[in-house]
Amino acid sequence: MIQNPFHDGKYPLEEQHRHFSNSLQVLNRSDSDDMQSNEIKIEVRIHGVYIISNYVPNIEHLPGVIEADVLDSFRMLCRRLGRIKNNAEKPKGATVSAEKLRLSDN
């Protein structure tokens, strides 16, 4: 699975992002598992926040492209979750509670 290198520490992560690496899920939302469908959908999820990216099967080096996009999506989600957590700590800042995203455990 593509999330294993994140769990194993293969990628250099910023200190504030490391605690999110064990919560990372990468899911294939395509119609088939062989990555040959007309539209390939990959979901990158941390807690209740996710990004879905679409690909076409004829992209050269598709697994590498997906891996790079997963890394970028992970970093983006970490920044968003950090902002949500920071805003939840302010009196009237957040529209989503940290408890709903299970961030209070981290």
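In this report, the structure presented in the accompanying data block is examined. Please read all numbers here as calculations on a predicted model, not as lab measurements.

## Section: the pattern of salt bridges
Here's step 1: One pass over the structure, following the stated rule, counts 5 salt bridges.
Here's step 2: Between lysine 10 and glutamate 67 there is a salt bridge whose closest N-O contact spans 3.6 Å. A residue pair is termed long-range when its members are at least 10 positions apart, and lysine 10 in the loop between α1 (4-8) and α2 (15-18) and glutamate 67 in helix α3 (residues 62-89) qualify at 57 residues.
Here's step 3: Here glutamate 43 ties to arginine 45 by a salt bridge, and the two come within 2.7 Å at their closest N and O atoms. The same class applies to glutamate 43 and to arginine 45, which are both buried.
Here's step 4: Here the residues in one salt-bridge network are Arg29, Glu43 and Arg45, joined through shared partners.

## Let's talk about the nonpolar core
Here's step 1: Formed by 21 residues in total, the largest nonpolar core has its most connected members in Phe6, Leu24, Ile42, Ile46, Val70 and Phe74.
Here's step 2: Looking at this core, the elements with two or more residues in it are β1 (24-28), β2 (40-46), β3 (49-55) and α3.
Here's step 3: Residue contributions to this core peak at 8 residues, all from α3.
Here's step 4: The contact partners of isoleucine 46, leaving out residues within four places of it in the chain, are Phe20, Ser23, Leu24, Phe74, Leu77, Cys78 and Leu81.

## Overview of α3
Here's step 1: With 28 residues, α3 extends 40 Å from end C-alpha to end C-alpha; this agrees with the ideal 40 Å at 1.5 Å per step.
Here's step 2: All of the buried residues along α3 are Leu62, Ile66, Val70, Leu71, Ser73, Phe74, Leu77, Cys78 and Leu81.
Here's step 3: Buried residues in α3 make contact with α1, α2, β1, β2 and β3.

Rules behind the numbers
- Residues numbered from 1 in each chain as written.
- Predicted model: local features only at pLDDT ≥ 70, side-chain atom pairs only at ≥ 80, totals over all residues.
- Heavy atoms only, no water.
- Salt bridge = Lys/Arg side-chain N within 4 Å of Asp/Glu carboxyl O.
- Helix = DSSP H or I, 4+ residues; strand = E, 2+ residues; numbered from the N terminus.
- Buried < 20%, exposed > 50% of the residue type's maximum accessible area, 1.4 Å probe, protein only.
- Core = buried A, V, L, I, M, F, W, Y, C linked by side-chain atoms within 4.5 Å.
- Contact = heavy atoms within 4.5 Å.
- Expected span 1.5 Å × (residues − 1).

Take it as geometry only, folks, not as evidence of what the structure does.
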